[in-house]
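Observations on chain architecture
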Amino acid sequence: YIEEGDFDFICFEPVTLGLVPTFVEEEFAVYDKPSGLLVHPQNRHTPYSLNDEIKHRFGHEAIITHRIDQETSGLVLAARNKISERTLKMMFEEREITKRYLAMVKGHLKEPLDIQEPLLRREDASSIVRMIVRVHPEGKPSQTFIKPLEYFPETDTTLVEASPYPGRQHQ
């Protein structure tokens, strides 16, 4: 089958705003993603994401190996080639690499918590946030361990470490 005519190709050209990796090795790099920055573009009209910085610095094969929400700041691991991408993604899948989050919560949390609730995700076009996640009986099982680290009485807040398992998106 032969096709004749004009063809348009859309090529991804990464943009840099100067965000540099925190740590670089031969096979991977670690970025400290600020809150508000998308990890991946939502569509081809997204003007900028962390993906731009990674591909700008390390080339077309470089890619992010996991996601964190746009509102979340934190460390993001990027593979610098296809082989390290497969290895790192497998390590996340087999829980050889785990995610932990630090958060400030209102009140004095004295004891660790083991939260086990089914989470249901659905898109919401009317919302500022595209994806709505809520506890719902029809949702997928999720579990998060919450460990209090330090209480601050002057603000009545507790610094906690949250460890999600199995690491559902938007958990």
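The model shown is predicted, which means the values in this text are computed figures rather than measured ones. (Residues numbered from 1 in each chain as written. Predicted model: local features only at pLDDT ≥ 70, side-chain atom pairs only at ≥ 80, totals over all residues. Heavy atoms only, no water.)

**Some words on the pairing of strand β8 (residues 140-152)**
- Pairing analysis gives nine bridges linking β8 to strand β9 (residues 157-165), with the strands arranged antiparallel. Across the sheet, residue proline 148 finds its bridge partner in β9, namely valine 160.
- Where β8 hands over to β9, the hairpin turn is made up of four residues, of which aspartate 156 adopts a positive phi near 50°. (Pairing = 2+ DSSP bridges. Helix = DSSP H or I, 4+ residues; strand = E, 2+ residues; numbered from the N terminus.)

**As for the packing of aromatic side chains**
- A full pass over the atoms with the stated rule returns one aromatic pair.
- Where phenylalanine 23 meets phenylalanine 28, the ring centres are 6.2 Å apart and the plane angle is 35°; that geometry is what we call tilted.
- The partly exposed category is assigned to phenylalanine 23, whose relative accessible area is 41%.
- Classification of phenylalanine 28 by relative accessible area gives partly exposed; the value is 25%. (Phe/Tyr/Trp six-rings, centres within 6.5 Å; stacked < 30°, edge-to-face > 60°. Buried < 20%, exposed > 50% of the residue type's maximum accessible area, 1.4 Å probe, protein only.)

**Quick word on the nonpolar core**
- By size, the foremost hydrophobic cluster in this structure holds 13 residues, and its most contacted members are Tyr31, Leu50, Ile54, Phe58, Ile64 and Val76.
- Of all the secondary-structure elements, those providing two or more residues to this core are β2 (28-33), α1 (50-58) and β4 (74-79).
- At three residues, α1 tops the list of elements feeding residues into this core.
- Not counting residues up to four positions away in its chain, the partners in contact with valine 76 are Ala29, Val30, Tyr31, Lys33, Leu50, Ile64, His66 and Ile68. (Core = buried A, V, L, I, M, F, W, Y, C linked by side-chain atoms within 4.5 Å. Contact = heavy atoms within 4.5 Å.)

**Some words on the confidence of the model for the protein**
- When the pLDDT values of the protein are averaged, the result is 89; 91% of them are 70 or greater.
- By mean pLDDT, the top-scoring element of the protein is strand β1 (residues 23-24) (98), and the lowest-scoring one is strand β7 (residues 131-135) (77). (pLDDT = per-residue confidence, 0-100.)

**Considering the sheet that holds β4**
- Across the sheet, four strands lie side by side as β1-β2-β4-β3; this open sheet has antiparallel pairing. Of all the strands in the sheet, just β1 and β3 (63-64) have a single pairing partner and so form its edges.
- Direction of pairing for β2 relative to β4: antiparallel, over a ladder of six bridges. Its bridge partner lying in β4, tyrosine 31 is registered against valine 76.
- Packed onto the sheet, α1 meets β1, β2, β3 and β4 and runs at close to 145° relative to β2.
- Together, β2, β3 and β4 form the strand contacts of helix α2 (residues 82-93), whose direction differs from that of β4 by roughly 135°. (Axes fitted to C-alpha atoms, helices over the stretch in contact; angles between N-to-C directions.)

**Considering the environment of leucine 38**
- By the element assignment, leucine 38 lies in the loop between β2 and α1.
- In this structure leucine 38 comes out as buried when scored by relative accessible area, which is 15%.
- As a C-alpha pair, leucine 38 and tyrosine 48 span 10 residues in sequence and 7.7 Å in three-dimensional space.
- For leucine 38, the contacting residues outside a window of four places in its chain are Thr46, Ser49, Leu50 and Gln70.

**Details of the pattern of salt bridges**
- Summed over the entire model, instances satisfying the criterion amount to two salt bridges.
- Between glutamate 85 and lysine 82 there is a salt bridge; the shortest N-O distance is 3.6 Å. A residue pair is termed a helical-turn pair when its members lie 3 or 4 positions apart in one helix, as glutamate 85 and lysine 82 do in helix α2 at three residues.
- Assessed through its relative accessible area of 11%, glutamate 85 is described here as buried.
- For the salt bridge of glutamate 85 with lysine 89, the shortest nitrogen-to-oxygen distance reads 2.9 Å. Taken together, the positions of glutamate 85 and lysine 89, both in helix α2 and four residues apart, correspond to about one turn of that helix.
- By relative accessible area, lysine 89 is classed as partly exposed at 34%.
- It is possible to trace a salt-bridge network through shared partners that takes in Lys82, Glu85 and Lys89. (Salt bridge = Lys/Arg side-chain N within 4 Å of Asp/Glu carboxyl O.)

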